[in-house]
Amino acid sequence: VQTLRSAHLESVFKERFEDLKRLAKSNQMLTMSRNLIRYHDHDGIAGEFISKVYKSTIEENLPHLKRFAGDFGCADLIIIGRDWGRILFALNNKEIIGQRMNQAAWAGTRLVQTYKTVLTTDRGAVMDFHPFEPDRGRETAFFAEPVIDSDGRMIAIMVAKLTPEFIDKFMESRKGLGQTGESYLLQYDLFEKKYELRSTMKTMGDGAYVLGFSLG
């Protein structure tokens with residue numbers, strides 16, 4: 001049962017990665033990214049025409065991005081501009097819009113690592129779950145894909161933010177495990193020489209055994 005569940009989870013990850021890649025490659029996201037860059041290049045203080053384009057860009061794309069995030073199972077969808085590392089758009093956490101990856105608040109975070117990895121490789125990237133300080137240290141993973149224009153130049157990076165709930169919903173079923181059985185994921189850290197939970201345990205630990213918990 002555990003082997004089948006692990007294989008299913010791997011399949012889900014591959015499927016989600018391809019979904020994000022298709023979204024990032026769409027003309028819809030290219031146009032949206034261009035309009036957002038144009039607006040933010042004026043630091044949000046733009047002429048009437050640019051402001052209208054910005055507003056219509058958000059209104060036109062919001063329903064589609066909400067559906068995508070719901071189907072994907074991500075906690076947020078973020079668009080980061082290539083040149084300045086500025087957060088151009090965030091589906092849920094609007095407070096971070098306009099911030100840049102070189103600001104102290106983001107230093108050393110997995111989001112910055114994700115941004116830099118895509119920037120230097122021109123390819124998609126996946127960052128495994130790790131405590132994310134801007135979100136009070138919550139375990140967070142990131143999937144990212146570049147947005148490429150017709151000249152082959154990267155102009156932005158699309159990022160899907162994942163929380164432990166994404167993993168847990170695929171591990172919750174206890175079918176075939178008896179009354180008290182439970183499936184969970186473990187990872188062995190060779191450097192730290194310890195096991196770490198990669199999913200949350202529901203039947204033991206009184207809520208303490210969450211994703212990222214060290215088993216020593």
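This text goes with the structure placed above it.
Worth saying up front: this structure is predicted, and the values here are computed from it rather than measured.

Caption draft 1: How the structure looks around the pattern of salt bridges. In total, this model carries 8 salt bridges according to the counting rule given. Note that D83 and R82 form a salt bridge whose closest N and O atoms lie 3.1 Å from each other. Measuring nitrogen to oxygen at the nearest pair gives 3.3 Å for the salt bridge that ties D135 to K161. With D135 in the loop between β3 (125-132) and β4 (138-148) and K161 in strand β5 (residues 154-162), this residue pair connects regions lying 26 residues apart in the sequence. A single salt-bridge network, built from bridges that share partners, covers R82, D83 and R153.

Caption draft 2: Up close: the nonpolar core. With 33 residues, the main nonpolar core has L77 and M158 as its most contacted residues. Breaking this core down by element, the ones donating at least two residues are α1 (2-25), α2 (27-40), α3 (48-72), β1 (76-81), β2 (87-90), β4, β5 and α5 (164-171). Broken down by element, this core gets its largest block of residues, 6 residues, from α3. Those residues in contact with L77 that sit more than four places away from it in its chain are L20, L65, F68, A69, F89, A90, L91, M158, V159 and A160. With 19 residues, the next largest nonpolar core counts I80, L111, F142 and A144 among its residues.

Rules used in this analysis
Residues numbered from 1 in each chain as written. Predicted model: local features only at pLDDT ≥ 70, side-chain atom pairs only at ≥ 80, totals over all residues. Heavy atoms only, no water. Salt bridge = Lys/Arg side-chain N within 4 Å of Asp/Glu carboxyl O. Helix = DSSP H or I, 4+ residues; strand = E, 2+ residues; numbered from the N terminus. Core = buried A, V, L, I, M, F, W, Y, C linked by side-chain atoms within 4.5 Å. Buried < 20%, exposed > 50% of the residue type's maximum accessible area, 1.4 Å probe, protein only. Contact = heavy atoms within 4.5 Å.

Note that all results are geometric; they support no functional claim without further evidence.
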